[in-house]
Amino acid sequence: MLTTAEALDAVLAATPSFATARVATADACGRVLRQVVRAERDQPPFDRVMMDGIAFAWSDYNGGLRSFPIQGMQGAGDEIQVLDKGHCIEIMTGAAMPPNADCIVPVEHITVSDGVAEIEAGYEVARDRYLHPQGSDYAKGAYLLRPGKRVSPLDIAIIASCGETEVDVAADPVVRIVSTGNELVPAGAPIKPQQIRMSNGPAIKALLESHGYRRSEHTHVSDDVDALREHLTCQLKEADVLVLSGGVSMGQADFVPQVLAELGVELVFHKVSQRPGKPLWFGKGPRGQLVFALPGNPVSALVCSRQYLIPALAKACGADAAPPEFAVLAARIVFPPQLTCFQPVKLVSNAAGQALAMPVKTNTSGDFASLSATDGYVELPRDQSEFAAGTSVFLHRWIAH
Ligand code: AMP
Ligand code: MG
């Protein structure tokens, strides 16, 4: 049986690179960039005024002038005026500084009468104060964003500021999620006492969406070899990534591995030395599709999705590797099995600013209601069975931040 690290390595080694798609800048948030974004112009593109007030020349002020006839007004976006000697120009925040002016006095420190602005008595003028010089943030042609960056709302500002209406990003993969199980009934349909609501599919779809993958669809098939074969044949035609839930354990209705093999999906591994999620099955389809067959237990299905599916999609998109995250255990955990334990936790921070992980007990790996209070799970190595409070451990958040 593979260790969790070996399983993740095997998944990533089998992961292809998705194609590139060109999308409207407005739709790029959450997608992985596939191009550099270079500065269209200097930033700011001109010497930018940062206050409402007047602008004049230091040489006039230094020569003893404190009153200046107002030559004109220059607002944000207005044509650039050239200042006459001994005069001032009224300027607004965001305006371009008149070329031969180099002093700004805010409107709070001047009085205006009869077209003449006078500087408040005692106010000391400093040259170039309240001026945001051209190119001081970055120069034209500077590399502002690089391939591999997942586009954030802040990056949208950069892309838009460079005048780009479209950008190259990794294509959003077609993910097909299939819930297997005769007992499963979707929300909205009548249900019998012995049946259960189908929750894994909607949860995995939402997890994918929260990580930026929007093209998943969820379907259901019963535990019947023929139905499964027919359904998975269709899904494999469409999917870049196929995610199954249920039917991979040792029960008499667990036909998923057999049917996947029949359909030409090559097994990479079955079972990982972990709890929850030990029965995980992973393989590669005939067109190189990634096939994750997850155990049906809701906690197992979600942990396996977060632990293996999400990193595979990130790699296929060419996303920059996320740095490992750590948290400190807030309570002692005892876990005797020789398996890696993925323990769901709630995060709080202590006075020193450390992330503390409070274990949240799940009743069984079917107890998904407890997960709502958790931020993610910690990874406890399998060669140890006791973990003291204060131990630093790997943290995996459900949703990237
Ligand atoms: P299985 O892996 O098919 O043996 O299923 C293990 C347990 O998880 C069973 O109790 C199932 O009823 C439950 N289960 C399987 N699939 C789902 C699902 N899509 N939503 C909620 N529970 C499920
Ligand atoms: Mg089942």
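Bear in mind that the values here come from a model prediction, so they are computed numbers and not experimental data.

## Observations regarding the site of ligand 1
Piece 1. The environment of ligand 1 is made up of 15 residues, and the closest members are E183, S199, N200, G247 and G296.
Piece 2. E183 is positioned such that a nitrogen or oxygen atom in its side chain is 2.5 Å from an oxygen atom of ligand 1.
Piece 3. Relative to its free-state accessible area of 490 Å², ligand 1 is covered by the protein chains to the extent of 78%.
Piece 4. In the shell around ligand 1, the residues fall into five nonpolar, eight polar and two charged.

## As for the packing of aromatic side chains
Two aromatic rings, taken as a pair, are described by how far apart their centres are and by the angle between their planes.
Piece 1. Summed over all chains, the structure comprises eight aromatic pairs.
Piece 2. Plain terms: the ring middles of F269 and F282 are 5.5 Å apart, the flat faces sit at 35° to each other, and that makes the pair tilted. With F269 in strand β18 (residues 266-270) and F282 in strand β20 (residues 281-284), this residue pair connects regions lying 13 residues apart in the sequence.
Piece 3. Under the relative-accessibility criterion, F282 is labelled buried at 0%.

## Considering the environment of D155
Piece 1. For D155, the position within the fold is in helix α3 (residues 153-161).
Piece 2. The buried category is assigned to D155, whose relative accessible area is 5%.
Piece 3. Expressed as a C-alpha distance, the spacing of D155 and T4, which sit 151 residues apart in the sequence, is 34 Å.
Piece 4. D155 has contacts with L145, K149 and R150, leaving out every residue within four places of it along the chain.

## Here we look at the sheet that holds strand β4 (residues 53-56)
Piece 1. Ordered in space as β7-β4-β6-β5-β9-β8, the six strands form an open sheet in which the pairing is mixed. For this open sheet the edge positions go to β7 (103-106) and β8 (110-113), each flanked by a neighbour on one side alone. Averaged over all adjacent pairs, the angle separating strand axes in this sheet is 40°, with direction ignored.
Piece 2. For strand β5 (residues 67-74) and strand β9 (residues 116-119), the ladder comprises three bridges, and the chain directions are antiparallel. Across the sheet, the residue bridging to S67 is E118, located in β9.

## Regarding the nonpolar core
Piece 1. Residues L208, V241, F292 and Y308 are the most contacted members of the largest nonpolar core, which totals 39 residues.
Piece 2. A per-element tally of this core places helix α7 (residues 298-317) first, with twelve residues.
Piece 3. Contacts of Y308, omitting those with residues within four sequence positions, involve T4, A7, L8, V11, V272, Q274, L280, F292 and F342.
Piece 4. Residues I91, A95, M97 and I110 belong to the second largest nonpolar core, which totals 24 residues.

## Brief notes about helix α5 (residues 225-238)
Piece 1. Along its 14 residues, α5 runs 20 Å from first to last C-alpha, staying within 8% of the 20 Å computed at 1.5 Å per residue.
Piece 2. Burial in α5 covers these residues: V225, L228, H231, L232, Q235 and L236. Angularly, the buried residues of α5 cover 135° about the axis, an arc narrow enough to put them on a single face. Residues D226, E230 and K237 are exposed on α5 and point more than 90 degrees away from its buried face.
Piece 3. Of the surrounding elements, those touching the buried residues of α5 are β13 (175-180), β16 (216-221), β17 (241-245), α6 (256-262) and β21 (290-294).
Piece 4. Here α5 starts with a cap whose side-chain oxygen sits 3.2 Å from the backbone nitrogen of D226, and that cap is D224.

## Thoughts on the layout of surface pockets
Piece 1. Considered as a void within the structure, the largest pocket measures approximately 1200 Å³ in volume.
Piece 2. Around the largest pocket, the lining is made up of 31 residues, and of these R306, D320, A321, A322 and P323 lie nearest the centre.
Piece 3. Of all elements in the fold, only α1 (4-14), α7 and β28 (392-397) reach the threshold of two or more residues within the lining of the largest pocket.
Piece 4. Ranked by the residues each element gives to the lining of the largest pocket, the list is headed by α7, at six residues.
Piece 5. The residue inventory of the lining of the largest pocket, partitioned by class, reads 15 nonpolar, nine polar and seven charged.

Criteria and thresholds
- In this numbering scheme, every chain counts its residues from 1 along its sequence in written order.
- Naming scheme: in the order in which they are written, chains are lettered from A and ligands are numbered from 1.
- Local features are withheld for residues below a pLDDT of 70 in this predicted model, meaning they are given only at 70 or higher, and side-chain atom pairs are given and counted only at 80 or more; totals for whole chains, interfaces and linings count all residues.
- As a rule here, side-chain values come from all non-hydrogen atoms in the structure, and water together with hydrogens is ignored.
- Only a single heavy atom is needed: when it lies within 4 Å of a molecule or strand, its residue is near that molecule or strand.
- A 3.5 Å cut-off defines polar contacts: any pair of N or O atoms within that distance qualifies, except that in protein one atom must be a possible hydrogen donor and the other a possible acceptor, and neighbouring residues in sequence count only when both atoms are side-chain atoms.
- We get accessible surface area from the Shrake-Rupley algorithm with a probe of 1.4 Å; when it comes to residues, only the shown protein chains can shield them.
- Here the term charged refers only to Asp, Glu, Lys and Arg, the term nonpolar to Ala, Val, Leu, Ile, Met, Phe, Trp, Tyr, Cys and Pro, and the term polar to all other amino acids, Gly among them.
- Ring pairs shown here join Phe, Tyr and Trp side chains whose ring centres sit within 6.5 Å, with only the six-membered ring taken for Trp; geometry is labelled stacked below 30 degrees between planes, edge-to-face above 60, and tilted in between.
- A run of H or I in DSSP counts as a helix once it spans at least four residues, and a run of E counts as a strand once it spans at least two, with each numbered from the N terminus.
- Partly exposed describes any residue whose relative accessible area lies between the buried limit of under 20% and the exposed limit of over 50%, with all areas from a 1.4 Å probe on protein chains only and scaled to the type maximum.
- It only takes one pair of heavy atoms within 4.5 Å for two residues to be counted as in contact.
- Being paired, for any two strands, means DSSP has found at least two bridges between them.
- Angles here are taken between N-to-C directions and fall from 0 to 180 degrees, while the axes themselves are lines fitted to C-alpha atoms, restricted in helices to the stretch in contact.
- To form a nonpolar core, buried Ala, Val, Leu, Ile, Met, Phe, Trp, Tyr and Cys residues must be joined to one another through side-chain atoms within 4.5 Å.
- Residue count minus one, scaled by 1.5 Å, sets the expected span of a helix.
- Relevant arc is that of directions from the helix axis to the C-beta atoms, nothing else.
- We place a 1 Å grid over just the protein atoms. Points where a 1.4 Å probe fits but has no way out form a cavity, open points with protein on both sides within 12 Å along at least 5 of 7 lines form a pocket, and any residue with an atom within 4 Å of a point lines it.
- Grid points are joined across faces, edges and corners, and a volume is the space filled by probe spheres set on the points.

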